[in-house]
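Survey of secondary and tertiary structure
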Amino acid sequence: PFSEVTIGQSMGYDRLITSAWALFFGILGIMVYLTVRFEWTFAIGAVIAPTHDVLLVLGLVIVSGTELNIGALLTVAGYSINDKIIVFDRIREFLRFSDPNESASQIMNEAINQTLSRTILTSLSTLAVLVCLYFFGGPSMEDFAWTISAGILIGTYSSIFIASPAALFFSRKHGLHEEVRQAMKAGA
C-alpha cells in the first residue's frame, strides 16, 4: 500500500517542518541571548537582519530552482548573526565612550566604517572557499555551496544596511545612548 515516493515525500516534509522549528527556536534563542548580552534594540536588529537573509536566500533558491538545503539555510543564519554581533559590539563600544550629544546614527556610521574592512575580508575569504567547493566539490555540493554563497553576500549587505538601521529605528523613542549607559550601570 505504501510506495517509496509517498514515504520519501512524507519524510522530506517532516524534515522541513522540523528544520523550520529549529530555525525559529534558534532565532528566538539568539534574541534572548542578545537581549541579555547587549540591549533589546540590538537584539531586534540582530533578529530582523538574519530573518531577512534567510528569507531572501530561500526566495533565491526557489527562483533558481536549486535544491533546498536546510543545513545551508541554518549555516546562513549562523554566519549572519555572527557578523551582526561583531558590528553591534563595536557600535556599543563606541556608544559607551562617546559624547552624549553626538547622534547615535553618526556613532553607528563610525563603528560600521571601522568594522567594514573586517566584514568584507571575512566574506571574501569565505566566498573563496565556497567557490572552490562549488567547482571541485562535486555535484552533491553545488547547491549547498551556491546557497551559502548567496547567504554570505546577502548577510554582508544586511550587516551594514539592515541590522544597524533597524536597531537605530527601534531606539528612537528612548535613545540608544541612554540604553547602553543603563546597561553598563546594571552590569557594573
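Here, every reference points to the structure presented above.
Residues numbered from 1 in each chain as written. Predicted model: local features only at pLDDT ≥ 70, side-chain atom pairs only at ≥ 80, totals over all residues. Heavy atoms only, no water.

**Quick notes on the packing of helix α3 (residues 70–96) against helix α4 (residues 104–136)**
Rules: To obtain an axis, a line is fitted to C-alpha atoms, over the contacting stretch when the element is a helix, and the angle between two such axes runs from 0 to 180 degrees between their N-to-C directions. The secondary structure listing takes helices from DSSP runs of H or I that are at least 4 residues long and strands from runs of E that are at least 2 residues long, numbered from the N terminus. Angles are sorted into four bins: roughly parallel if under 35 degrees, roughly antiparallel if over 145, roughly perpendicular if 65 to 115, and oblique for all others. We call a crossing left-handed when the near helix sits turned anticlockwise from the far one by less than a right angle, and right-handed when that turn is clockwise. Pairs of residues are marked as contacts when any of their non-hydrogen atoms sit within 4.5 Å.
Across the interface, α3 lies against α4 with an axial gap of 9 Å and an inter-helix angle of 150°. As judged from the angle between their axes, α3 and α4 are roughly antiparallel. Viewed along their axes, α3 and α4 form a crossing whose handedness is right-handed. In this structure, α3 contributes Y79, D83, I86, V87, R90, I91, F94 and L95 to the contact, and α4 contributes I107, M108, E110, A111, I112, Q114, T115, R118, T119, T122, S123 and T126.

**Here we look at the packing of α4 against helix α5 (residues 139–170)**
Going by this rule: Under this grouping Gly is polar, as are all residues other than the nonpolar Ala, Val, Leu, Ile, Met, Phe, Trp, Tyr, Cys and Pro and the charged Asp, Glu, Lys and Arg.
In contact at an axis separation of 10 Å, α4 and α5 are set at 180° when each is read in the N-to-C sense. Classified by the angle their axes make, α4 and α5 are roughly antiparallel. Across the contact of α4 with α5, the residue classes break down as 18 nonpolar, seven polar and one charged.

**Thoughts on the nonpolar core**
Worth spelling out the cut-off: Put simply, buried Ala, Val, Leu, Ile, Met, Phe, Trp, Tyr and Cys residues joined by side-chain atoms within 4.5 Å make one nonpolar core. Under the scheme applied here, a residue whose accessible area is under 20% of the maximum for its type counts as buried, over 50% as exposed, and between as partly exposed, the area being computed with a 1.4 Å probe on protein chains only.
If you look at the biggest cluster of nonpolar residues, it comprises 21 residues, and the most contacted ones within it are L34, F42, F88, I91 and M108. Counting only elements with at least two residues in this core, the list comes to α2 (40–64), α3, α4 and α5. Those residues in contact with L34, other than ones at most four positions away along the chain, are E39, A43, A46, I81 and I85. Counting ten residues, the second largest nonpolar core, distinct from the first, contains L23, I27, V54 and I154.

**Some points on a nonpolar patch on the surface**
Selection criterion: Think of a patch as exposed residues, more than 30% relative accessible area, with no salt bridge, where like charges cluster within 9 Å and nonpolar side chains (Val, Leu, Ile, Met, Phe, Trp, Tyr) cluster within 5 Å. Calculation of accessible area relied on Shrake-Rupley with a 1.4 Å probe; when residues are assessed, cover is drawn exclusively from the protein chains displayed. We define a salt bridge as a side-chain nitrogen of Lys or Arg found within 4 Å of a carboxyl oxygen belonging to Asp or Glu.
Nonpolar side chains collect at one region of the surface, where Y13, L16, I17, W21, F24, F25, L28, V32, V36 and L68 lie side by side and expose about 1,000 Å² of accessible area between them. Mapping I17 onto the fold places it in helix α1 (residues 4–37).

**Brief notes about the side chain of T156**
Structurally, T156 can be placed in helix α5. Under the relative-accessibility criterion, T156 is labelled buried at 12%. For T156, the residues in contact, after removing those within four places along its chain, are D83, T119 and S123.

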